[in-house]
Amino acid sequence: MAPSVVLTSSPLPRHIGIIMDGNGRWAQRKKQLRTQGHLEGLKTAKKIVKAASDLHIKFLTLYVFSTENWKRTAEEVGFIMGLVKQYLKAELDFYRENRIRIRHAGDPEGLPPDIARELAEACEDTRSFEGLQVILALNYGGRDAIVRAVGRWFDSLEKLEKGIPAKITEEGIRGCLDNPDIPDPDLIIRTAGEYRTSNFLLWEGAYAEYYFSETLWPDWTEADLCAAISAYQQRERRFGGGNP
Ligand code: IPE
Ligand code: IPE
Ligand code: MG
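Residues numbered from 1 in each chain as written. Chains lettered and ligands numbered in written order. Predicted model: local features only at pLDDT ≥ 70, side-chain atom pairs only at ≥ 80, totals over all residues. Heavy atoms only, no water.

1. So, the sheet that holds strand 4 (residues 133-140)
Sheet architecture is open: six strands sit in the order 3-4-2-1-5-6, paired in parallel fashion. Two strands close off the open sheet at either side, each with one partner strand: strand 3 (101-105) and strand 6 (209-212). Sheet twist, expressed as the average angle between the axes of neighbouring strands with direction ignored, equals 20 degrees. Strand direction decides the pairing type here: strand 5 (residues 187-190) and strand 6, joined by four bridges, are parallel. Its bridge partner lying in strand 6, leucine 187 is registered against glutamate 209. On the sheet, helix 3 (residues 74-90) packs against strand 2 (59-66) and strand 4 and is oriented at approximately 150 degrees with respect to strand 2. Strands strand 3 and strand 4 of the sheet are contacted by helix 5 (residues 113-125), whose axis makes an angle of about 135 degrees with strand 3. (Pairing = 2+ DSSP bridges. Helix = DSSP H or I, 4+ residues; strand = E, 2+ residues; numbered from the N terminus. Axes fitted to C-alpha atoms, helices over the stretch in contact; angles between N-to-C directions. Contact = heavy atoms within 4.5 Å.)

2. Observations concerning the environment of threonine 197
Position of threonine 197 among the secondary structure elements: in the loop between strand 5 and strand 6. We classify threonine 197 as partly exposed; its relative accessible area is 30%. Measuring from C-alpha to C-alpha, the distance between threonine 197 and isoleucine 19 comes to 8.0 Å, with 178 residues separating the pair along the chain. When near neighbours in sequence (up to four residues on either side) are disregarded, threonine 197 contacts Ile19, Tyr63, Arg190, Leu202 and Tyr210. (Buried < 20%, exposed > 50% of the residue type's maximum accessible area, 1.4 Å probe, protein only.)

3. Let's talk about the environment of serine 53
Here serine 53 is to be found in helix 2 (residues 34-54). Given the relative accessible area of 12%, serine 53 is considered buried. C-alpha separation for the pair serine 53 and threonine 197, spaced 144 residues apart in sequence, amounts to 25 Å.

4. Quick word on the site of ligand 1
Close to ligand 1 lie 13 residues; Asp21, Gly24, Arg25, Arg34 and Arg72 are nearest. Contact between ligand 1 and asparagine 23: an oxygen atom at 3.1 Å from a main-chain N or O atom of the residue. Here glycine 24 contributes a backbone N or O atom positioned 2.9 Å from an oxygen atom of ligand 1. Expressed as a share of its isolated accessible area of 380 Å², the protein-covered part of ligand 1 is 86%. The greatest single-element share of the shell around ligand 1, amounting to three residues, is contributed by helix 1 (residues 23-29). Taken together, the residues of the shell around ligand 1 sort by class into three nonpolar, five polar and five charged. (Near = heavy atom within 4 Å. Polar contact = N/O pair within 3.5 Å; in protein donor to acceptor, adjacent residues only side chain to side chain. Areas by Shrake-Rupley, 256 points an atom, 1.4 Å probe, with all protein chains shown as cover. Nonpolar A, V, L, I, M, F, W, Y, C, P; charged D, E, K, R; others polar.)

This is the structure we're talking about:
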C-alpha cells in the first residue's frame, strides 16, 4: 500500500491500539472451526503491521489475548498460544527487514513458560530497531495492568525504605505501568461491530479517539486502516480544554 493513500496534512496518530475482534464469527459464517478464524486473524495482523510500518506509525498495540480469554476452551486457548509462538519465531526476518521492534504488555507470569520465553527473546532480538514498535497485549487486562503498576510502585518504595507515600499521584502509577515510555494511544480501533473496551488500555486510553468498524478482523485490509486514520484526522481533540 502506498502511504500516499493517506490522507490529509493533519498529523497521523502516533500510537494506534486495535481490539482485533470477530475471528470466531468469521469462521462460523464460513462454517469453519473457530481456530480457522484465529489463523486468518493472524494473517490480517501481519498485513496491518506492515501497513502501519509503511505509514510510519510509531506505536501499534494489538490486543491478542486478554486476562479474561482464559475462560475459553482449552483447545481454543492452546491453539491461540501455539499461533503466537509460531508467529514470534517465524517472523524474525520480517521484523529485521522492516526494523520493527516487538514489545509486550501484560503479565508474562501468567503465560505458559515457553511462550513467555519466546516473547522475551523476540523483544530482546528487536530491541535496537528504530521503526514501528508493535506492542503485543498478551495475557493483558487494563485492570490487571493498573493493579500490577501499583504493586510495583509500592515495592520500589519499600526497597527505598521510604514507606507509603503521603501522596498517590498519576505520575507515580503511570511510571510503573508495563511500558511507561510509550505515549498514550491516540486512536483505538475495535472491529466486528462491538462497542466496548473489554478491558483494553483503561489507563492509557483516557483520551483516545475511538473508531468502531463493523468488519470482522480477518476481513480487515489496509484500506480499513486508512479509513480509521482518516476518521481520526477529522476529529477535534480537546482534552477537557473546551472549544478553542
Ligand atoms: C478475537 O476474536 C480474538 C480473541 C479474542 C483471542 P474472537 O475469538 O473474540 O471472535 P468472536 O468475537 O467470537 O467473533
Ligand atoms: C477482546 O475481545 C479481547 C481481544 C480481542 C484479544 P473479546 O472477544 O474477548 O471481548 P468480549 O468478550 O466480546 O467483550
Ligand atoms: Mg470476540
